[in-house]
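Residue-level structure breakdown
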Amino acid sequence: QVQLVESGGGLVQSGGSLRLSCATSGSFTNIYTMGWYRQAPGKQRDMVATITKSGTTNYEDPVKGRFTVSRDNAKNTVYLKMDSLKPEDTAVYYCNADIKLTRWVNMRNYWGQGTQVTVSS
């Protein structure tokens, strides 16, 4: 069974930094696009940043220039470095990945359990 396990969330002051990690475990043949989403209380879950297997990245406008997504394909892990954090970045951050389990089945989308990031003013 495939699992995405996030780590690195916590409480930080405005202007501070955090680094989130998401490791993929289980049996699979390939991981395609990986990314991070976030959901603040009372709001919908929004894309923060994505990265393809070849390294092409995409960011939502509010985090451009402050957040950096990266991945280590050998470790099946995706990272999100968050700098210059603001109170409005407070949310639960979810890891997401498109994964192919075997050569005979289609790619599926998987979510992590989420990690809380709280930025105090």
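Presented here is a report on the structure given in the accompanying data block.

Parameters and conventions
- Residue positions within a chain follow its written sequence, with the count starting from 1.
- Reporting in this predicted model follows two pLDDT cut-offs: at least 70 for local features of residues, and 80 or more for side-chain atom pairs to be given and counted; totals over whole chains, interfaces and linings ignore these cut-offs and use all residues.
- Water and hydrogen atoms were dropped before computing side-chain values, which therefore reflect all heavy atoms in the structure.
- Our working definition of a disulfide is a cysteine sulfur pair at a distance within 2.5 Å.
- Helix and strand labels come from DSSP, where a helix needs a run of H or I of at least four residues and a strand needs a run of E of at least two; each type is numbered from the N terminus.
- Only protein chains enter the accessibility calculation, which uses a 1.4 Å probe; a residue whose area is less than 20% of its type maximum is buried, one above 50% is exposed, and one in between is partly exposed.
- Residues count as neighbours in contact if any of their non-hydrogen atoms are within 4.5 Å of one another.

**So, the state of the cysteines**
A full pass over the atoms with the stated rule returns one disulfide. Disulfide partner of Cys22: Cys95, at an S-S distance of 2.1 Å. One quick way to see it: the torsion about the S-S bond of Cys22 and Cys95 is about -80°, and its sign makes the bridge left-handed. Taken together, the residues Cys22 in strand β3 (residues 18-25) and Cys95 in strand β9 (residues 91-100) connect sequence positions 73 residues apart. Taken as a pair, Cys22 and Cys95 share a single burial class, namely buried.

**Considering the environment of Val5**
Within the secondary structure, Val5 is located in strand β1 (residues 3-7). According to the relative accessible area criterion, Val5 is partly exposed, its value standing at 41%. Considering only alpha carbons, one finds Val5 and Tyr94, 89 residues apart in sequence, at a separation of 9.4 Å. Not counting residues within four places of it along the chain, the set of residues in contact with Val5 comprises Ser21, Cys22, Ala23 and Gln113.

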